[in-house]
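# Overview (structure and organization)
Spelled out from the first residue to the last, the chains are:
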Amino acid sequence: VVNSLMAQVLPIYQSTQIEFTPDGEQDEDQAQLESDFCAHMLDKCNGWQVLADSSFNALLINNGWIKVFVDEEVDVTRETYAGPLEPLQIDMLYQPTAENQQVEITENQDTYTVKRTTTTRTLKIESRPPDVMVFRTNSQQYKVQDLPFIGERLLLTGDELKALGLSKDEIGSIPYAHDDNWEAVRSRKGQYQDRTEDEDTGLQDAARLRECWETYVRLDINENGETELYKVLYGGEVLIDKEVVESVPYATGSPVLMPHRLVGQGMFETMYQIQDAKTHTLRQYMDNLSVMNSSKLGVVEGMVNIDDCTNGRINSIIRMKSPDAVLPIPATDVAN
């Protein structure tokens, strides 16, 4: 059922033009600009594939999840120039050589060190498997942006954690990732869950995966009765990063919405009872078909060749001493 629905949904994704409805005549140009920009960014960020992956997750296991965020990469370079330098030359060194670049100049005895910090921001649109998402809801708050707590399970290598500023002892205190604790992750692996190549125990420690959590939680840090949204990244008991953010970067959807609930229903949950009934009926029919094709026989002992009756051959000869030494045992044909 899910595959047949996806075959209908995917062409719609590929052919649908994203459109923002203008508020009035004066807003038509802006609405068209935003529509074209969003379509362009989806193409640039592989967004159509992300929508397809998340839709499949939603159809199969209730909800699909998408994360939209800006990834920042900071590149630091240093240049050294022999002095002395004229004021005009120093002014030229202060000029950025790339976008979003900050320049710092340190003067030593006979040299000038130029530190250039370049920040590159890239929009990221990624599908998240539902089995790594964790959140808390109540009867009043069931929209993603209003949740008091939401996050995802991240698997980071020791090398990645070191790049985030953690010491060797801090990295060592973060537990290794073990999928045995996550039934949904094991189920997703299917027939590959027992393969040894999935294990990373043979890797060097810097390359082994450690279990971390990226969470978004509303906290009253100042104890003034007002909460702020914080992004908190931690592993084990180690606080890796904490910062105030404006919004939760996740979006979720479900094919069958449930009132006052974040989690809806997928096609499996909606149709599994029918599927189980059909499976049971099909098995009964196949058993009946086997009985009709190889029905039981009643024989008079000593009047027939037993090997002929039990060899299982189709249309085989049965040697018997009397015409009524073999009697078919009747069975009901349910095919009709």
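Structural data are supplied above this passage.
What comes next is a walk through the structure. Since the model is a prediction, treat every value here as computed from it, not as a measurement. Counting starts from 1 at the beginning of each chain's written sequence and moves along it residue by residue. Thresholds applied to this predicted model are a pLDDT of at least 70 for local features of residues and 80 or more for the giving and counting of side-chain atom pairs; totals over whole chains, interfaces and linings are not thresholded and use all residues. Side-chain numbers here rest on the full set of heavy atoms in the structure, without hydrogens or water.

### A closer look at the environment of Pro 22
Within the fold, Pro 22 resides in the loop between helix H1 (2-15) and helix H2 (28-44). Note: C-alpha distance between Pro 22 and Gln 32 (10 residues apart in sequence) is 8.1 Å. Secondary structure elements follow DSSP: runs of H or I of four or more residues count as helices, runs of E of two or more count as strands, with numbering from the N terminus.

### Notes on the sheet that holds strand S4 (residues 133-136)
Taken in spatial order, the five strands make up an open sheet running S4-S5-S6-S7-S8, and their pairing is antiparallel. The open sheet has two edge strands, S4 and strand S8 (238-244), and neither has a second partner. On average, each strand axis in the sheet is inclined to that of its neighbour by 20°, with strand direction left out of account. Two strands form a pair only when DSSP identifies at least two bridges running between them. Here seven bridges tie strand S6 (residues 209-219) to strand S7 (residues 228-235), and the two strands are oriented antiparallel to one another. The residue of S7 that forms the bridge with Arg 218 is Leu 229. Simply put, an axis is a line fit to the C-alpha atoms, just over the touching stretch for a helix, and the angle between two N-to-C directions goes from 0 to 180 degrees.

### Considerations on the pairing of strand S5 (residues 149-157)
Of all nine residues making up S5, seven are buried, and the element is well covered by its neighbours. The sheet contact formed by S4 and S5 spans four bridges and is antiparallel. Within S5, the position partnered with Met 133 by the bridge is Glu 152. Taken together, the nine bridges between S5 and S6 define a ladder with antiparallel strand orientation. In the sheet register, Gly 151 faces S6, and the bridge partner there is Thr 215. Think of it in three bands: residues with accessible area under 20% of the maximum for their type are buried, residues over 50% are exposed, and the middle band is partly exposed, with areas taken using a 1.4 Å probe on protein chains only.

### A word on the sheet that holds strand S9 (residues 250-253)
Taken together, the four strands give an open sheet; going across it, the order is S2-S3-S1-S9, and neighbouring strands pair in antiparallel fashion. The open sheet has two edge strands, strand S2 (101-107) and S9, and neither has a second partner. Going across the sheet, the axis of each strand differs from the next one's by a mean of 20°, ignoring polarity. In this structure, strand S1 (residues 64-82) lies alongside S9, joined through four bridges in antiparallel fashion. Bridged to Gly 64 within S9 is Gly 253.

### Comments concerning the nonpolar core
Here the nonpolar core consists of buried residues drawn from Ala, Val, Leu, Ile, Met, Phe, Trp, Tyr and Cys, with membership extended through side-chain atoms lying within 4.5 Å. With 11 residues, the main nonpolar core is built from Trp 65, Val 132, Met 133, Val 144, Leu 147, Ile 150, Tyr 216, Leu 229, Val 248, Tyr 250 and Leu 262. Not counting chain neighbours up to four residues away, the residues in contact with Val 144 comprise Trp 65, Ile 150, Val 248, Tyr 250, Thr 252 and Leu 262. Formed by 10 residues, the second largest nonpolar core is a distinct cluster that contains Leu 154, Leu 166, Val 238 and Ile 240. The contact criterion used is simple: two residues touch if any of their non-hydrogen atoms lie within 4.5 Å.

### So, unusual backbone geometry
Not every positive phi belongs to a glycine, and Asn 46 is a case in point at roughly 60°. Mapped onto the elements, Asn 46 comes out in the loop between H2 and helix H3 (47-61). At Asn 62, a residue that is not glycine, the phi angle is positive and equals roughly 80°. Tracing the backbone shows Asn 62 in the loop between H3 and S1. By relative accessible area, Asn 62 is classed as buried at 18%.

### As for the side chain of Glu 152
Mapping Glu 152 onto the fold places it in strand S5. Given the relative accessible area of 1%, Glu 152 is considered buried. We call two N or O atoms a polar contact when they sit within 3.5 Å, provided that within protein one can donate a hydrogen and the other can accept it, with sequence-adjacent residues counted only if both atoms are side-chain atoms. A polar contact of 3.0 Å, which involves the side chain of Glu 152, links it to the side chain of Lys 67. Here the side chain of Glu 152 touches Tyr 250 through a polar contact of 2.7 Å, side chain to side chain. Setting aside residues up to four positions removed in sequence, Glu 152 forms contacts with Lys 67, Arg 128, Val 132, Met 133, Val 134, Cys 212, Trp 213, Glu 214 and Tyr 250.

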